[in-house]
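Chains, contacts and geometry: an overview
Residue strings, one per chain:
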Amino acid sequence: MYRKNAWEKYVDTKLVFDFAEGYKNFISVAKTERLAVRESIKLLEKAGFKDAGKLKSVKPGDKVYFINKNKNVCAFIIGKKPLIDGLRILGAHIDSPRLDLKEHPVYENGGFALGDTHYYGGVKKYQWTTIPLALHGVICKKDGTTVEVNIGESEDDPVVGITDLLIHLSADQMSKTLSQAITGENLDISLGSIPLAKEKKDPVKANVLKILKGKYNIEEEDLVSAEIEIVPAGKARDYGLDRSMVAGYGHDDRSCAYTSLLALLDTDEVEYTACCILVDKEEIGSVGATGAHSLFFENTIARLAVLTGEGHPIYTARIALENSKMLSSDVSAGYDPLYASVSDPKNVAYFGEGLVFNKYTGSRGKSGSNDSNPEYYAWIRKTMDDAKVSWQNAELGKVDQGGGGTIAYILGNYNMNVIDAGIAVLNMHAPMEIVSKVDLYEAYLGYRAFLTAK
Ligand code: MN
Ligand code: MN
């Protein structure tokens, strides 16, 4: 069971470091699910993938993609075998924990204009205070137009942020638990402090709204139908004196989304139709039209069956899914030497030991997990070993220490074989998460091997 450190495999590490540069660029731009879809489509089109909505038919070797509400993308390379024989599916999520502006967000208090938020996904609230934050998203107006918001990323942009109490007056706060010291209702962003002259009621708020009107031509009420996500500002960076790691926002799960997508882009001919699906809403339970529970994926396979002209499309889609193999590409908790007590050292993911397989996630007796079949796991082991991919096995933590979920069990409902396979992350769900560059590269190699395996 000894696992060699993957760095030792590489005499020349240039491939590993170059791959990480592409990834750093991707996550520095793709800070929301919409932006991740946009960047993915750029990469897909550059690699010759065509918008399936514009096609009448497809044949083996064709490369196509489908988009759902600008928040999911599903790309395929059509295989030589019929769809009904099953697909090779790589699935990852492109949403990440963050703060969202409320529908009625802007208010004034004590000479400040503030933006009221509601956090999205599981966050340790104290980690989101006193750091520079950026705003990304869309404002949809009644006239049918959409305005895109992007503030805080370029050098000369302002940033926003959430204040925290000075240590000098924190006697009460410091005696609270970490979960109580910062409340969700207090995660409000500072938007401004200049009053609009002549305005009697809430002059600072009025000034901020005037700025928004000037920049985006919107009224306050337009924010009701907006989707503004507040995320850490700035680019992903090299981490560690040896530059072996990447520090950035959204490794969960854009590290697996990017490597899955690149694996598909760098694959050519396939026996079984190869697929990469990127979904939204995983961090809040894979719900809604753009989450993994949505019928979008099943419907997309049916649409694909229409394009391949194969049998009854609904029947073909159902049976194709049943005969499919999937890697649920999602991150795993990396071993942290500072918090070693939460992990079982034999069943934890170590940085540098490659692609992580989780037979199950879940919590309290594997509850809520997709407990993968051992027959399938054996096939996975052979596939990885034949391709000389560095891989390891892990659970999220010690038994009854906590737990988590992925989209694996949702696709498992189609009666397909699914296993979680991803990248070890430190600081998971924090504004600055960490991954290893060699794990990123091994994940890419593992995903590629999976797509073409017999
Ligand atoms: Mn995840
Ligand atoms: Mn997560």
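No experiment lies behind these values; they were computed from the predicted model shown. (Residues numbered from 1 in each chain as written. Chains lettered and ligands numbered in written order. Predicted model: local features only at pLDDT ≥ 70, side-chain atom pairs only at ≥ 80, totals over all residues. Heavy atoms only, no water.)

**Re a nonpolar patch on the surface**
- Among the surface-exposed residues, L165, L166 and L169 lie close enough to one another that they form a single nonpolar patch of about 290 Å² accessible area.
- Note that L165 resides in the loop between β8 (146-151) and α3 (171-174).
- For L165, a relative accessible area of 44% translates into the label partly exposed. (Patch = residues over 30% accessible without salt bridge, like charges linked within 9 Å, V, L, I, M, F, W, Y side chains within 5 Å. Areas by Shrake-Rupley, 256 points an atom, 1.4 Å probe, with all protein chains shown as cover. Salt bridge = Lys/Arg side-chain N within 4 Å of Asp/Glu carboxyl O. Helix = DSSP H or I, 4+ residues; strand = E, 2+ residues; numbered from the N terminus. Buried < 20%, exposed > 50% of the residue type's maximum accessible area, 1.4 Å probe, protein only.)

**Remarks on the packing of helix α1 (residues 14-29) against helix α11 (residues 437-452)**
- Contact pair α1 / α11: the axes reach a minimum separation of 9 Å and the direction vectors enclose 90°. Regarding the angle of α1 to α11, the classification is roughly perpendicular. From α1, L15, V16, F17, F19, A20, E21 and Y23 reach across to α11, where they touch K437, V438, L440, Y441 and Y444.
- Across the contact of α1 with α11, the residue classes break down as 10 nonpolar, no polar and two charged. (Axes fitted to C-alpha atoms, helices over the stretch in contact; angles between N-to-C directions. Parallel < 35°, antiparallel > 145°, perpendicular 65-115°, else oblique. Contact = heavy atoms within 4.5 Å. Nonpolar A, V, L, I, M, F, W, Y, C, P; charged D, E, K, R; others polar.)

**A short note on the domain arrangement of the protein**
- With domains assigned, the protein is organised as domain 1 (6-96 + 249-452) and domain 2 (98-232).
- Using C-alpha coordinates to define each centre, domain 1 is positioned 33 Å away from domain 2.
- Taken residue by residue, the interface counts 18 residues in domain 1 and 15 residues in domain 2.
- Looking at the side of domain 1 facing domain 2, the largest losses of area belong to K31, Y249 and P431, adding up to 34% of the total buried there.
- Applying the counting criterion to the domain 1 and domain 2 interface returns five salt bridges.
- For E33, the salt bridge is made with R98, and the minimal N-O distance between the two is 3.1 Å.
- At the junction of domain 1 and domain 2, the tally comes to 10 residue pairs in polar contact (both at pLDDT 80 or more). (Domains from an automatic or database assignment. Buried area = accessible area lost by both parts, 1.4 Å probe. Polar contact = N/O pair within 3.5 Å; in protein donor to acceptor, adjacent residues only side chain to side chain.)

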